Structure formats: C-alpha cells, structure tokens
Amino acid sequence: MDDREKLNRLRWRCTRRAMLEMDLLLGEFLERVYPTLSPAQADAFVTMADMEDLELWPLVNGQREPDDPVQAEVLSLLRNVRVK
Amino acid sequence: MSKLSVPVRKFDAVIVGAGGSGLRAAIQLSEAGLKTAVLSKVFPTRSHTVAAQGGVSASLGNSEEDHWHWHMYDTVKGSDWLGDQDAIEYMCRKAPEVVVELEHFGMPFDRTDEGKIYQRPFGGHMSNFGEKPVRRACAAADRTGHAMLHALYQRNVRANTQFFVEWMALDLIRDQSGQVLGVIALEMETGEVVAFHSKATVFATGGAGRIYYSSTNAFINTGDGLGMAARAGIALEDMEFWQFHPTGVAGAGVLITEGVRGEGGILRNSTNERFMERYAPNAKDLASRDVVSRAMVTEINEGRGCGPNKDFVLLDITHLDPATIMKRLPGIREISIQFAGIDPIKAPIPVVPTCHYQMGGVPTNYKGQVVGDDAAPIRGFYAAGEVACASVHGANRLGTNSLLDLLVFGKASGDTVIDDLRSGEIGLKELPADYADRTLARLHRLNTQTGGASVNECRLELQRTMQKHCGVFRFKDMLVEGVAKIVEVEKAVAQTEIKDKSQVWNTARVEALELDNLIEVAKATMVSAEARKESRGAHVRDDAPDTPANPNGRDDLNWHKHTLWHRDGSRLSYKPVIMKPLSVETIALKTRSY
Ligand SMILES: Cc1cc2nc3c(=O)[nH]c(=O)nc-3n(C[C@H](O)[C@H](O)[C@H](O)COP(=O)(O)OP(=O)(O)OC[C@H]3O[C@@H](n4cnc5c(N)ncnc54)[C@H](O)[C@@H]3O)c2cc1C
C-alpha cells in the first residue's frame, strides 16, 4: 500500500466509528496533528485508531491511562484537540 | 445480453449491515445452514448500535408486574397512533423471548440480587395501560449496545457467517418482475465492484441522521439502504418523522444528557432570560423533550438565539457547585471543553435541538418482508432495524424500543427468509442483462466529472437546508421554500466532482457515493413533511396548532395514514395505518397526553 492508500484507510477508520464523539475527535486530530507526529507516534496513533470506541473513549477523557509511553504522548495531544 | 459486467458471487442470503439488526438476522440464517454474507462499511462491532446506552425494553416483569399488552399500549400511544398495531403487538409479545435469547448468547445484563435481569424505568413505559411508570428497560451498565453487538458477533463467528468488512453496497439488483436478486458492492481496499447474487437480500443499514447539520448520529449514518431502495423504485414510508433531542452541542451535535437539566441546568436566550418559564411555568427546563425543543426553536426563530449567527441557546450550569458538576455529571465537562470549546464551570454550553432517530424507512410488514404500495411483499427483499419502517415507532419512538426492534425484526426477517426459501417463494433467479449498468454509470460519471461541485460543500448545504427548513418545529413557508432548495442541492449532487480518481482506498469516492444516498433521504423527508398538514408525534407544524377539534394539532380525519414517497417524480401516495392487532382488540385513537 502506498502512503495515500494508507492515509485514506486511516481516514476511514478515524471518521467512520461507532460514536460521533470519536468521529469528530479523531477526524480533527488526523487533519491537524497527525502530520506533525514522529514516525513512532504515528504508528501508535494507527494502533489506537484500531481500538474500539469503548476502549479508546475512557483513555481520551482521562478515566484511564495507557501502559505504552508513546501512546501516552499521542493521547496527551488527542486530549487537547478541540472540535468546534 | 449484458452490456457491462462485474464479477459475481453467489449466496443464499446477503445481509447489508452488521449492526444489531443485521447480526441478529445473520444468526438465524447461518444457523439454519444457509450460505450467508454480511456486508459492512466498518468492522461489525464498530456499527452505530454501540452508541446505545439506555437499554432494551421487554416486559419481563422481573422487578414488578408487567405485561406485553401494556408495552403494546405504550408503544401505540408513543407512536401517536401512527404505528401499525399488528407489528407493535408482534414486537411487544416477542420482546421477552428475544431478550432472554440474547442473554443466552452471552449478553452481560445487569442483574438483581436473585440473579434475574435488572430492569429500570424509562420515559413513556408504563404499567396498566398508561397508569404509572414501570421498570422495563434491560441494560448492561452504560454499554448496552456495545455488549449486544459483541454477543451477536461472537454467535455469528460460531455459525460461520461470512463477513465482508469495509465493503459498501451501492445498489440493489432487481429484475423485470421487481424481484430483488442481490446488491452491487464496492470493496474499499481494492476498489473492485462485485455483484452479490442471492436468493434473499436483507437491508440492515441503520439510520440516516446525517441529513441534518446537527445530529447525534455518527458519520456512518448516511441512509445508504434508503438511497438504494429509492433508486430501485421502492417507496419510502413516513420519512417526515424524525426524533430530535433538545440538547445537542451546537455544531458538533454530541448529546448532552437530560441529567444536566435534572441537576439544575437552565436554558437561557441571548437576553440571558430563563425562557422555559414562559413555555412551561411548572416543569420549566424539565418539561418533556418535544416541549423544550420547540421552545428553543421559537427563541431562535424570534431572534433571541445566541452567538454571531443567533442560532443556538445556552445551557447554563455555572451556578452549580463545581464539585457537583464533577461528581454528578461525569464526562460533561470534558465533552463541553472538547466539542464546544468552553468550560461549563465558567461559561454556559451552546446547545440546539439535535436530530437523533429516524422513525420512517423502507416499508416492511411484521415479518420483515419489504412491501410495495399494495402491501404485497417484494420478492427476495427484507429489511430490519432503523432502516426499516414496520411500522412500530409510527410518528415517535419510545426510548429502548429501537434496540428491541433490531432483535425482534432482525430475527423475524431471518425466519421469513427461511420460510420463503422452503416454500419455493424465492430462489436463485438469473441476473437481468443490465444488472450492473446503473451502478457502473454512476461510478463512471464520478470518474469523469469535471467542473462539478465539491462533495463537502454539497453535503453541508444539504444539512443546513434540512436543519433550517425541516427541523424540530416546522413552518409552512419554510417547508415550501425548503423543497425548492433541496431540489437545487439535488442538482449539485448529481454533478459532484472528486479530484482523486484512484481505485484503492478512494475515500473521496465513497463519500460522494454516500452523498447520493443522503440526498434521496433529505428530499423524501422535506417533500413528505411539506405535504403533511397536521402535527403528529415528532412532526410539529406551526400552522397545525392545538385546538379542541384537533388536539395537539393532530388531524385524524385527514391525516391518520402513512406517507409513501416515490423517487420517480418525487410523488407521494398514502396507505392506511394497520389498526387491527394480531390477537387483541384495537387500541382506539385517543388524544396523546402524558
Ligand atoms: C447516541 C444514541 C443513543 C441511542 N441509545 C439508544 C438506546 O439506549 N436504546 C435504544 O433502543 N435505541 C437507542 N438508540 C437508537 C439505536 O441505537 C439505533 O436505532 C440502532 O442501534 C440502529 O441499529 P441498526 O442495526 O439498524 O443499524 P446500525 O447499528 O447503525 O448498523 C448499520 C450497519 O449497516 C452498515 N452499512 C450501512 N450502509 C452500508 C452500505 N452501503 N454497505 C455496507 N454496509 C452498510 C454499517 O456498516 C453498519 O454495520 C440510540 C441512538 C443514538 C444515536
């Protein structure tokens, strides 16, 4: 898969989710923050985007913390996303 | 002779949609040994059913006395007597059975001390024919939909259901006689277009809440099943009926629970007035959903909305103790910060009435068969869940009745397919020569379009038009204007242009194809709403007010009937509401008051 294909697949998985909250947040993150991530962070984000919403949501709203330090970095950026 | 062809795969049954209704139907079919394919735009457990938290209703009577007949009464009343009473009786009688079955599939319901399924009260569900609230909702903490999907998915894996994930169905295949022979679908990963040729086709594609600018629905709810049915010449039923939730975050649509007003939240207009005191002097901000929504829209329409465009009101909890907010309303602060950009401890939350649920859909009978204008089943075609209109929700759905609808009619449609196969009613018929033409023409148009409109702009225009002209409170002139505007949007949609023409993972193409479905739903909604000159359930018109002759503006003499919108010529016809239940007496027309 080339980069465009990978990015589009990620876009689909970020914006066709079970919960509206997650569509909005991950969609916004993908456009604005994802391009600035390090390769390791980008990989961590892809893994997180593959999580189910009810796994990811408690991480995003701070009810849980991830074990993986790179995921924690990405998460702190994700928590700061504002959708308006 | 086929003009254009695509690869063909053959199945006994093809189910489009892997939410609660599709997965429930698939269990029946796969366990009966039928070769069953389930297509989904996303991995099954990412379907929108996950978002349902409240619960699923069934008169189990685990906590107090209950009866399916009471449930039936509540559902008929909730529907404002537009629901079909045969289907409503069927659903309410079947409820205990399908919920217990789900338990056996491994659903982790909350339990009472004795180990029975725990039940709690939910709006509109009463005992003894409307006397007092009853505990009828079964839940698995606040993740009922999620738990339900997982239980159903596991059962399907066991039964060898074949899943086609990240596939988008594009069109129905119908032959000259009108029989449905499958669907044409697109695999996102390859861009390949394939015909799924089947004896039976079941639509379980969910709702279309994205036709509104402000919607609680996830982006996936683009009404694909409705678009496909309409393009194949099948009329859509009761599309004017959409349920709105009063407090969605303005812009984002994310739901703010009723609990916020329960804890003392106050709605205010641009003059900082607590306007609900004028509309509901007693209940104030805690009046019922429809009363609050209408009051909010009236404030906005009369120029007392807030913000630069004066298009929202404010939900104020700044007077509450921050400790109370954090303790009693968990998550609300995070949601407000992330989706409204404000901290509700310091500033009020911008809110608007927000589209939540579609009562109308593809017309079916209580067996899950899709029916034509003459109420006769369309051979080979079945539907269940939010895409379908059985009609159990009529003009207004009761909370927790949708998850029930998925289970009951998902199962019923599967059983009916099996019956129809056994009786020889359906079988694998030859594909018509032009089976792929219409779809390929649509794809070709997209690939070659130049100088066309952007998909995003068209979608936004569509959503804004629906929100403004056909929202929670409806006005004659706005509706008339809305019909004209939607026709304009439709012209632009027919000319959308995408820059990316590649095959593999072309999400721009997929979004353009979703828009083709949204426009059908939007037009059906606007045209049906403009025509219905009464208020009933969720369809409330300013020019059909509450009078002694027509309480709540409901005009049974002229409008106690189902709407059918036909895509061809955007024509409307009507059919009677089925008032005769299967075994009990008719629940006679009455004014709906709580
Ligand atoms: C925030 C929220 C909370 C809710 N809470 C409750 C509640 O507590 N109780 C209740 O009873 N109801 C509730 N509802 C309503 C209820 O959740 C939905 O009506 C119901 O889940 C719809 O289920 P479904 O099976 O019809 O469709 P969905 O679960 O929406 O699934 C649709 C499926 O169709 C697939 N699909 C769609 N188009 C295509 C296509 N073109 N090709 C291939 N696949 C396609 C999707 O991928 C998906 O798998 C709630 C709704 C919302 C928005």
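Note: the structure precedes this text.
Not measured: the values here are computed from a predicted model.

1. As for the overall build of chain B
Item 1. Per the secondary structure count, chain B includes 16 helices and 20 strands.
Item 2. Relative to the globule expectation of 25 Å for 594 residues, the C-alpha radius of gyration of chain B, 23 Å, shows essentially globular dimensions.
Item 3. Dimensions of chain B, computed from the C-alpha atoms along their principal axes, are close to 70 × 60 × 50 Å.
Item 4. Per-residue burial over chain B gives 62% buried out of 594 residues.
Item 5. If you take every contact in chain B between residues at least 6 apart in sequence, the share linking residues at least 24 apart comes to 73%.

2. Some details on unusual backbone geometry
Residue and element names in this part refer to chain B.
Item 1. Across the junction of A390 and S391, the peptide omega takes the value -5°, indicating a cis bond.
Item 2. For S391, the location among the structural elements is in the loop between β18 (388-389) and α11 (401-422).
Item 3. Here A375, not a glycine, exhibits a phi torsion of approximately 70°, which is positive.
Item 4. In this structure, A375 sits in the loop between β16 (369-371) and β17 (377-383).

3. As for the site of the ligand
Residues and elements named next belong to chain B.
Item 1. Near the ligand you find 40 residues, and of these S47, T49, G54, E386 and L403 are the closest.
Item 2. In this structure, an oxygen atom belonging to the ligand sits 2.7 Å away from a side-chain N or O atom of S47.
Item 3. One nitrogen or oxygen atom from the main chain of T400 is found 3.5 Å from an oxygen atom belonging to the ligand.
Item 4. Taking 1,000 Å² as the accessible area of the ligand by itself, protein coverage stands at 95%.
Item 5. Going through the elements one at a time, α1 (20-31), β2 (36-40), β7 (167-174), α5 (224-231), β14 (349-358) and α11 are the ones with two or more residues in the shell around the ligand.
Item 6. With four residues, the top contributor of residues to the shell around the ligand is α11.
Item 7. Broken down by class, the residue content of the shell around the ligand amounts to 15 nonpolar, 21 polar and four charged.

4. Notes on the sheet that holds strand β11 (residues 242-249) of chain B
Each strand in a sheet pairs with another by means of backbone hydrogen bonds, the pair being arranged parallel or else antiparallel.
Residue and element names in this part refer to chain B.
Item 1. If you walk across this open sheet you meet the four strands as β11-β14-β13-β12, and the pairing is antiparallel. Each edge of the open sheet is held by one strand with a lone partner, namely β11 and β12 (266-268). Direction aside, the axes of adjacent strands within the sheet are offset by 45° on average.
Item 2. Pairing of β12 with strand β13 (residues 313-316) involves three bridges; the strand directions are antiparallel.

5. A few points about the packing of aromatic side chains
Residue and element names in this part refer to chain B.
Item 1. If you walk through the whole model with that rule in mind, you get 18 aromatic pairs over all chains.
Item 2. Taken together, a centroid distance of 5.2 Å and an interplanar angle of 50° make the contact between Y153 and F163 tilted. Of the two residues, Y153 sits in helix α4 (residues 144-158) while F163 sits in strand β6 (residues 162-165), which places them ten residues apart along the sequence.
Item 3. For Y153, a relative accessible area of 16% puts it in the buried group.
Item 4. Aromatic pair Y212 and W242: ring centres 5.7 Å apart, planes at 70°, arrangement edge-to-face. Pair noted here: Y212 is in the loop between β9 (193-203) and α5 and W242 is in strand β11, with a separation of 30 residues, a long-range link. Residue Y212 shares its accessibility class with W242, and that shared class is buried.
Item 5. Grouping aromatic residues by their ring pairs yields a cluster made of F11, F164, W167 and F196.
Item 6. Looking at R397, its charged tip hangs above the ring of Y357, at a distance of 4.3 Å from the centre.

6. Re the pattern of salt bridges
Residue and element names in this part refer to chain B.
Item 1. As enumerated under the stated definition, the model contains 55 salt bridges over all chains in all.
Item 2. Put simply, K41 and D224 hold a salt bridge, and the shortest N to O gap is 3.0 Å. Residue K41 is located in the loop between β2 and β3 (56-57), and its partner D224 is located in helix α5; the two are separated by 183 residues in the primary sequence. By the burial criterion, K41 is buried, and D224 matches it.
Item 3. Each of D80, E240, R532, E534, R536, R554, D556 and R592 takes part in salt bridges that share partners, so that together they form one network.

7. Here we look at the nonpolar core
Item 1. Ranked by internal contacts, the top residues of the largest apolar core, which has 122 residues, are A:F45, B:V99, B:L102, B:L267, B:F339 and B:F409.
Item 2. With ten residues, the single largest contributor to this core is α11(B).
Item 3. The residues touching A:F45, leaving out its near neighbours within four places in the chain, are A:L10, A:C14, A:L26, A:F29, A:L30, A:Y34, A:L37 and A:V74.

8. Topic: the interface of chain A and chain B
Item 1. Counting residues at the interface gives 32 residues for chain A, matched by 39 residues for chain B.
Item 2. Taking both sides of the interface into account, the surface hidden between chain A and chain B amounts to around 3,000 Å²; carbon and sulfur atoms contribute 57%.
Item 3. Sorting the residues of chain A by area buried against chain B places A:W12, A:R16 and A:L20 first, and these three jointly supply 26% of that buried surface.
Item 4. Put simply, chain A and chain B have four salt bridges between them.
Item 5. For A:R16, the salt bridge is made with B:E511, and the minimal N-O distance between the two is 3.6 Å.
Item 6. Looking at the side of chain A that touches chain B, the elements that each hand over two or more residues are α1 (3-15), α2 (20-32), α4 (53-60) and α5 (69-79) of chain A.
Item 7. With eight residues, the top contributor of residues to the side of chain A that touches chain B is α1(A).

9. Notes on the environment of B:K41
Item 1. Here B:K41 falls in the buried class, since its relative accessible area comes to 11%.
Item 2. Residues B:K41 and B:L23, 18 residues apart in the sequence, show an inter-C-alpha distance of 14 Å.
Item 3. Other than its neighbours up to four places away in sequence, B:K41 contacts A:W12, B:E166, B:W167, B:M168, B:M188, B:I220, B:T222, B:D224 and B:E514.
Item 4. Within polar-contact distance, the side chain of B:K41 engages the side chain of B:D224 at 3.0 Å.

10. Things to note about empty space enclosed by the protein
Leftover empty space is mapped by rolling, across the atoms, a probe with the size of a water molecule.
Item 1. By the definition in use, this model includes two cavities of 30 Å³ or more.
Item 2. One number sums up the size of the largest cavity: a volume of about 50 Å³.
Item 3. Residue lining of the largest cavity: B:T364, B:N365, B:G368, B:A383, B:A384, B:G385, B:A388, B:C389, B:A390, B:D405 and B:F409, and that is the complete set.
Item 4. At the level of elements, β18 and α11 of chain B are the ones that each hand at least two residues to the lining of the largest cavity.
Item 5. When the residues that make up the lining of the largest cavity are grouped by side-chain class, the tally is six nonpolar, four polar and one charged.
Item 6. Taken as a whole, the second largest cavity holds about 30 Å³ of empty space.
Item 7. Contributing to the lining of the second largest cavity are A:A18, A:E52, A:D53, A:L54, B:T45, B:R46, B:V50 and B:H146.
Item 8. Along the lines of polarity and charge, the residues of the lining of the second largest cavity split into three nonpolar, two polar and three charged.

About the criteria used
Residues numbered from 1 in each chain as written. Chains lettered and ligands numbered in written order. Predicted model: local features only at pLDDT ≥ 70, side-chain atom pairs only at ≥ 80, totals over all residues. Heavy atoms only, no water. Helix = DSSP H or I, 4+ residues; strand = E, 2+ residues; numbered from the N terminus. Rg over C-alpha atoms; globule rule 2.2 N^0.38 Å. Buried < 20%, exposed > 50% of the residue type's maximum accessible area, 1.4 Å probe, protein only. Contact = heavy atoms within 4.5 Å. Near = heavy atom within 4 Å. Polar contact = N/O pair within 3.5 Å; in protein donor to acceptor, adjacent residues only side chain to side chain. Areas by Shrake-Rupley, 256 points an atom, 1.4 Å probe, with all protein chains shown as cover. Nonpolar A, V, L, I, M, F, W, Y, C, P; charged D, E, K, R; others polar. Pairing = 2+ DSSP bridges. Axes fitted to C-alpha atoms, helices over the stretch in contact; angles between N-to-C directions. Phe/Tyr/Trp six-rings, centres within 6.5 Å; stacked < 30°, edge-to-face > 60°. Lys NZ or Arg CZ within 6 Å of the ring centre and 35° of its normal. Salt bridge = Lys/Arg side-chain N within 4 Å of Asp/Glu carboxyl O. Core = buried A, V, L, I, M, F, W, Y, C linked by side-chain atoms within 4.5 Å. Buried area = accessible area lost by both parts, 1.4 Å probe. 1 Å grid on protein atoms, 1.4 Å probe; cavity = no way out; pocket = protein on both sides within 12 Å on 5 of 7 lines; lining within 4 Å. Points joined across faces, edges and corners; volume = space filled by probe spheres on them.

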